[in-house]
Structure formats: structure tokens, C-alpha cells
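In case you want the letters, here they are:
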Amino acid sequence: MPSDVAESERGVGAWARRWWRPLLAELVSTALLVLLGIAALLPVGGAEAPLTHPALAFGFVVLANAEIFGPTSGAHMNPAVSLAALVAGQLPAAAAAGYALAQLAGALLGFGALRAMTPQAAGEGATHPAVSWAAAVAVEATLTGVLAMVCCALWSAHDASRPDRTASLKVGLTVAGLIYSGGHLTGASLNPARSFAPALFQGLTADHWVYWAGPLGGAALGALLHRALLARSAPRPAAHHIARPDEALPLNDKPEP
């Protein structure tokens, strides 16, 4: 859908009219990600849920949200992905900050809804490293860096005339695979908002900083690496173009409106 705000308009009001739909999409999509993803961590018959449950749940929810919300906001659902989009030139700084705030609010709404529906979820969802803090930061940075490079590759290769209809599947499977890889080491958060919500409800712990430093650092490094060494010119008519909300390149590519 075309933007209803003229490019020449300035000010907070114009910015809000231009970005409120993407911000709302980020809030709702992140709430669903946290609600449905952490629900897969609930004990099964009194036993801890196997890693397969959250890996596939988060992966498939990412896929679904990318299809639903991608055309509106890009369906980042993750401050680390929004940071990667900023570094890659896909998102303006003010919008990236707005995305992050919407994602944090959405994560809190999602986890709050899960606790309201299933009180036994009160102690679930928190991420804690099973390795040293230094190793945990390295694991989270590596996992999130890979995710960021996958997103950057999709953004770089996007061709509006021939959109990649499988992009959401690629990202969803990437998320599932990364959770399989790092889940036993750190919980494989890859997402500060996903870790922040249960941590805030349950009491922030001394190791919570790991789930900010690792994902944000890894996303920034991954995006910088891709931009410096791997990026190819996107097949678009205008260079150095910052997408409007309606053009925001999602985790799943979309056709032009």
C-alpha cells in the first residue's frame, strides 16, 4: 500500500502517520512470537520440553509472522534484526529505535498473555547460559550474526519484479536450525526482546546482559561483514534508497504494491 504521507512532510506528526502501521505490526508480531514460542517451552507431562519444541515453534512462528506482517513492517520481531537493517541501510535510525521499543512492548504483552492463560508458565522462558559468560556472549553473537547475514542477503538480493516467495521459509528454518545449535548452551535467544520479557517478569538476573550484548553485537558485526564483503547491488532503480514503510523489505520478500 502506498504511503499516505508526502515525502516533503516533516515533524513528529508526519513521522507518526508514516510509521504507525509498521510499529503496530512489530508490536503484534513480537507479542505472538513470544507468546507462541515460549508456550512450546512448557513442561510436557511434568518433564522439560525437548529442544525440538521451541526450535520448531519459534521457526514456524517466524515464518507465519513474516508472511502476515512482512509487507507492513518487514516483520523483524527482534531489536537485533532491526539493528542489522539499520547498519545495512534498510531502515532509518529513528524508525529502528521505534521498532525496538515496539518489539520490547510486544514481548511484554506476549509473555504477560501467556502467564494469564497458563499460570504454570510463570517460571518458564527465561534464558540462562550453561557456559561461561564470555562463551555465552560468543555463542549468542555467532548465532545472531548468522541470522543477520541471512536477512542482509535477502535484502540485498531483493528484486521487486521477481520477489523471492520462499524467503520467509528460509528465515524460519534458519531460526529453527540456530536454536538447535545453541539451545543447550545459552537457550539460543538471538533476540533481546524475547529474553527481556520473561526476565523482567521473573526478576532480572546478573547474566541478563549476555542476551543484549551477544545478539546486538553479533547482528551489527554480521551486517557490517555482509555490507563490506558480501553485498551485491540490489536490482533497484534508485541507489541509496531508504524504503518507506510500505516498501520495507521483510524477512519474506514481497511484490511491490
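All of these numbers come straight from a predicted model, not from anything done at the bench.

Novice: Describe the overall build of the protein chain, and please don't skip the residues or the numbers.
Specialist: Scanning the protein chain for helices and strands turns up 8 helices and 0 strands. Counting from the amino terminus, helix and strand elements in the protein chain follow one another as α-α-α-α-α-α-α-α. By the burial criterion, 50% of the 257 residues in the protein chain qualify as buried. Long-range contacts, defined as pairs at least 24 residues apart, comprise 80% of the intrachain contacts of the protein chain with a sequence gap of at least 6. Accessible surface computed for the protein chain: about 11200 Å², of which carbon and sulfur atoms make up 68%.

Novice: Just give me the short version of the packing of helix 4 (residues 93–117) against helix 7 (residues 192–202), but keep the residues and values in it.
Specialist: Viewed as axis vectors pointing N to C, helix 4 and helix 7 meet at an angle of 55°, and their least axial separation amounts to 8 Å. Relative to helix 7, the element helix 4 is oriented oblique. Regarding helix 4 and helix 7, the two cross each other, and that crossing is right-handed. Two secondary-structure elements touch here, helix 4 through Gln103, Leu104, Ala107, Leu108, Phe111, Gly112 and Arg115 and helix 7 through Ala193, Phe196, Ala197, Pro198, Leu200, Phe201 and Gln202. Class assignment of the residues belonging to the contact of helix 4 with helix 7 gives a composition of 10 nonpolar, 3 polar and 1 charged.

Novice: Can you break down a nonpolar patch on the surface residue by residue, with the values?
Specialist: Nonpolar side chains collect at one region of the surface, where Trp20, Leu24 and Val28 lie side by side and expose about 270 Å² of accessible area between them. Here leucine 24 shows up in helix 1 (residues 12–39).

Novice: Run through the nonpolar core, naming residues and quoting values.
Specialist: Leu91, Leu147, Trp155, Val175 and Ile179 are the most contacted members of the largest nonpolar core, which has 51 residues in total. Of all the secondary structure elements, the ones that give two or more residues to this core are helix 1, helix 2 (52–73), helix 3 (79–87), helix 4, helix 5 (133–157), helix 6 (167–186), helix 7 and helix 8 (210–230). Ranked by residues supplied to this core, first place goes to helix 5 with 8 residues.

Novice: How would you explain the environment of asparagine 65 if you had to name every residue and give the values?
Specialist: Residue placement: asparagine 65 occurs in helix 2. Taking the C-alpha atoms as reference, asparagine 65 lies 9.2 Å from histidine 76; in sequence the two are 11 residues apart. Residues in contact with asparagine 65, not counting those within four places in the same chain, are Ser29, Leu32, Leu33, Gly70, Ala75 and Met77. A polar side-chain atom of asparagine 65 sits 3.0 Å from the main-chain carbonyl oxygen of serine 29.

Novice: Break down the side chain of histidine 226 for me, with residues and values.
Specialist: Here histidine 226 is to be found in helix 8. Beyond its immediate chain neighbours, meaning those up to four positions away, histidine 226 contacts Met149, Cys152, Ala153, Ser156 and Ala231.

Novice: So what's going on with the packing of aromatic side chains? Which residues, and what values?
Specialist: Evaluation of the coordinates by the stated rule reveals 5 aromatic pairs. Between tryptophan 133 and tryptophan 209 the ring centres are 5.9 Å apart and the planes differ by 85°, which places this aromatic pair in the edge-to-face class. Here tryptophan 133 is found in helix 5, whereas its partner tryptophan 209 is found in the loop between helix 7 and helix 8, with 76 residues between them in sequence. For tryptophan 133, a relative accessible area of 44% gives the class partly exposed. Note on phenylalanine 196 and tryptophan 212: the rings are 6.1 Å apart at their centroids and 75° apart in plane angle, and the pair reads as edge-to-face. One end of the pair, phenylalanine 196, is in helix 7; the other, tryptophan 212, is in helix 8, and 16 residues separate them in sequence. In this structure phenylalanine 196 comes out as buried when scored by relative accessible area, which is 17%. Here tryptophan 212 falls in the partly exposed class, since its relative accessible area comes to 26%. Ring pairing ties together the aromatic residues Trp15, Trp19 and Tyr99, which thus form one cluster.

Conventions used here
Residues numbered from 1 in each chain as written. Predicted model: local features only at pLDDT ≥ 70, side-chain atom pairs only at ≥ 80, totals over all residues. Heavy atoms only, no water. Helix = DSSP H or I, 4+ residues; strand = E, 2+ residues; numbered from the N terminus. Buried < 20%, exposed > 50% of the residue type's maximum accessible area, 1.4 Å probe, protein only. Contact = heavy atoms within 4.5 Å. Areas by Shrake-Rupley, 256 points an atom, 1.4 Å probe, with all protein chains shown as cover. Axes fitted to C-alpha atoms, helices over the stretch in contact; angles between N-to-C directions. Parallel < 35°, antiparallel > 145°, perpendicular 65-115°, else oblique. Left-handed = near helix turned anticlockwise from the far one by under 90°. Nonpolar A, V, L, I, M, F, W, Y, C, P; charged D, E, K, R; others polar. Patch = residues over 30% accessible without salt bridge, like charges linked within 9 Å, V, L, I, M, F, W, Y side chains within 5 Å. Salt bridge = Lys/Arg side-chain N within 4 Å of Asp/Glu carboxyl O. Core = buried A, V, L, I, M, F, W, Y, C linked by side-chain atoms within 4.5 Å. Polar contact = N/O pair within 3.5 Å; in protein donor to acceptor, adjacent residues only side chain to side chain. Phe/Tyr/Trp six-rings, centres within 6.5 Å; stacked < 30°, edge-to-face > 60°.

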